[in-house]
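# Geometric and topological summary
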Amino acid sequence: MKKILYALTLCTLTACNSKPSASNDQNEIVMAEPDCTSDMTLYTERFAQAYLDGDLKKALTFFSPSYVEEQHDGMLGGRTEQFISEFLGSGIYTDANGEEKYVSWHPNNIVSITVVSVDCNGNPKITVKIALKNGEIYEEVLDTEMVDTENGPKPMFVGAFG
């Protein structure tokens, strides 16, 4: 009898602690606290795939609506490719020889965008490695902010304002 009771208790505890994160075909991910790292990795991979596939309209849906409104629609006048390239870190970099150079992340120049790490303290920060066709590799930290969606609050990408 004790074995049966033990087995039932174990099954019940396992079922209660299993909290798979829900997602649909879009970029909607319902965060399950223990799975922040895997959820944000999947979210970032979906964003990267949309961007690398040239589906800029879909890639834009991974950003906070207020950030899109202010930066994409306002400051950049709807220039989506520039908006996403700047978010991913296009700009001046110092190379191994100490020389400054401008690097632009055009989807055609990128071999891959891979998640290196996820920091789930507060609003998640995702470090990605961007590999370019010329062999250069850069790491960027992608910031998020919590946004209230129809499915509840979730982190969405944001960058610098102004």
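I will try to describe carefully the structure that is included in this document. (Residues numbered from 1 in each chain as written. Predicted model: local features only at pLDDT ≥ 70, side-chain atom pairs only at ≥ 80, totals over all residues. Heavy atoms only, no water.)

What follows concerns the overall build of the protein chain. On a plain count of helices and strands, the protein chain comes out with five helices and eight strands. Helices and strands appear in the protein chain in the N-to-C order α-β-β-α-α-α-α-β-β-β-β-β-β. Counting every position in the protein chain, which comprises 162 residues, the buried fraction comes to 36%. Contacts in the protein chain between residues far apart in sequence, at least 24 positions, make up 41% of those at least 6 positions apart. For the protein chain, the computed accessible surface area is about 9800 Å², with 52% contributed by carbon and sulfur atoms. (Helix = DSSP H or I, 4+ residues; strand = E, 2+ residues; numbered from the N terminus. Buried < 20%, exposed > 50% of the residue type's maximum accessible area, 1.4 Å probe, protein only. Contact = heavy atoms within 4.5 Å. Areas by Shrake-Rupley, 256 points an atom, 1.4 Å probe, with all protein chains shown as cover.)

Next up on the list: the pattern of salt bridges. Applying the stated rule across the entire model yields two salt bridges. Close ionic contact of K101 with E136 constitutes a salt bridge, the shortest N to O distance being 2.1 Å. Highlighted residues: K101 in strand 4 (residues 100-103) and E136 in the loop between strand 6 (125-132) and strand 7 (137-149), separated in sequence by 35 residues. Under the relative-accessibility criterion, K101 is labelled partly exposed at 26%. A salt bridge links K125 to D143, with the nearest nitrogen and oxygen atoms 2.9 Å apart. Of the two residues, K125 sits in strand 6 while D143 sits in strand 7, which places them 18 residues apart along the sequence. Looking at K125, the relative accessible area reads 37%, which means it is partly exposed. (Salt bridge = Lys/Arg side-chain N within 4 Å of Asp/Glu carboxyl O.)

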